[in-house]
Structure formats: structure tokens, C-alpha cells
Amino acid sequence: MLDVAAKGFTVILARSKKSIFVADGSSILYTLRKQGVDVPFNCGTGRCGVCEAAVLSGIPDHRDHVLSDAEKASNQSMMICCSGSLTSELELDL
Ligand code: FES
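Thoughts on the overall build of the protein chain
Thinking step 1. When helices and strands are counted, the protein chain shows 2 helices and 7 strands.
Thinking step 2. Each helix (α) and strand (β) of the protein chain, taken in turn from the N terminus, gives the series β-β-α-β-β-α-β-β-β.
Thinking step 3. Seen along its three principal axes, the alpha-carbon backbone of the protein chain occupies a region of about 30 × 30 × 25 Å.
Thinking step 4. With 94 residues in all, the protein chain has 31% of them scored as buried.
Thinking step 5. When contacts within the protein chain are restricted to residue pairs at least 6 apart in sequence, those whose partners lie at least 24 apart make up 56%.

The structure is reproduced here in C-alpha cells:
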């Protein structure tokens, strides 16, 4: 279901089985690190690709400059430093 998550969204971390709410205006990367989840990053602006995470379910709101248009359309991965979610839940392989 596509439901623009204007008031934030929940990220489900499949490997650690955690659910973390990302408030509107915050980034997934910032929120996860604030909650003690150690995820790699470098630029923080969607340009290096270090923070790429595989998407298991949900639809990302891609805002990076790394993935091609075709890669973005496939919704198989996303840059968690700058991209958001178009669905209320986003499950990542983290
Ligand atoms: S940290 Fe560089 S693209 Fe996310």
C-alpha cells in the first residue's frame, strides 16, 4: 500500500529484529545511530554509496545521487543517509 509517510515512518531491521520510528524531517541514518545501531556512512548527503542498505519491503523515497533511475525504480536498495519512505513501514536488511 502506498501511503505517503508525511508524519514519519517505521524502519524494521530484519537482522536485529528491531523496529525504529523515524520522525518527519529526520534521516534513517541519524535515527538508527541515535538508537545505537552501528551503520556505516561517509558523506551523509547521498553521494558516496557507503550507507546503501538492501530493501526487503516497503517503498523508499529515493533522494540520493548514487543509484541510477532504473536502480531506484527497482527499490532493491536505498541510501539511508538521505532517502525516506513512501510507505508507513520500510524493512531493511540490517
Ligand atoms: S553516506 Fe554517502 S550516500 Fe549515504
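So much for the structure itself; the text now carries on.
Things to note about the pairing of strand β7 (residues 89-92)
Thinking step 1. Residues L90 and L92 point to one face of β7 and are all buried, whereas E89 and E91, pointing to the other face, are not buried.
Thinking step 2. By the bridge criterion, 4 bridges tie strand β1 (residues 9-13) to β7 in an arrangement that is parallel. The residue bridging I12 from the neighbouring strand is E91, located in β7.

Quick word on the sheet that holds β1
Thinking step 1. Read from one edge of the open sheet, 5 strands run β2-β1-β7-β3-β5, paired in mixed fashion. Each having just a single partner strand, β2 (18-22) and β5 (77-79) make up the two edges of the open sheet. With strand direction ignored, the average angle separating the axes of adjacent strands in the sheet is 40°.
Thinking step 2. Looking at chain direction, β1 and β2 are connected through 5 bridges and run antiparallel. Pairing of I12 across the sheet is with S19, part of β2.

Some words on the environment of V37
Thinking step 1. When you line up the elements, V37 lands in the loop between α1 (28-34) and β3 (52-57).
Thinking step 2. For V37, a count of 16 C-beta atoms within 10 Å gives the class partly exposed.
Thinking step 3. Spatially, the C-alpha atom of V37 lies 18 Å from that of L56, the residues being 19 residues apart in sequence.
Thinking step 4. The contact partners of V37, leaving out residues within four places of it in the chain, are L13 and L32.

Each value, and the rule that gives it
- Residues numbered from 1 in each chain as written.
- Predicted model: local features only at pLDDT ≥ 70, side-chain atom pairs only at ≥ 80, totals over all residues.
- Helix = DSSP H or I, 4+ residues; strand = E, 2+ residues; numbered from the N terminus.
- Buried ≥ 20, exposed ≤ 12 C-beta atoms within 10 Å, placed from the backbone.
- Contact = placed C-beta atoms within 7 Å.
- Pairing = 2+ DSSP bridges.
- Axes fitted to C-alpha atoms, helices over the stretch in contact; angles between N-to-C directions.

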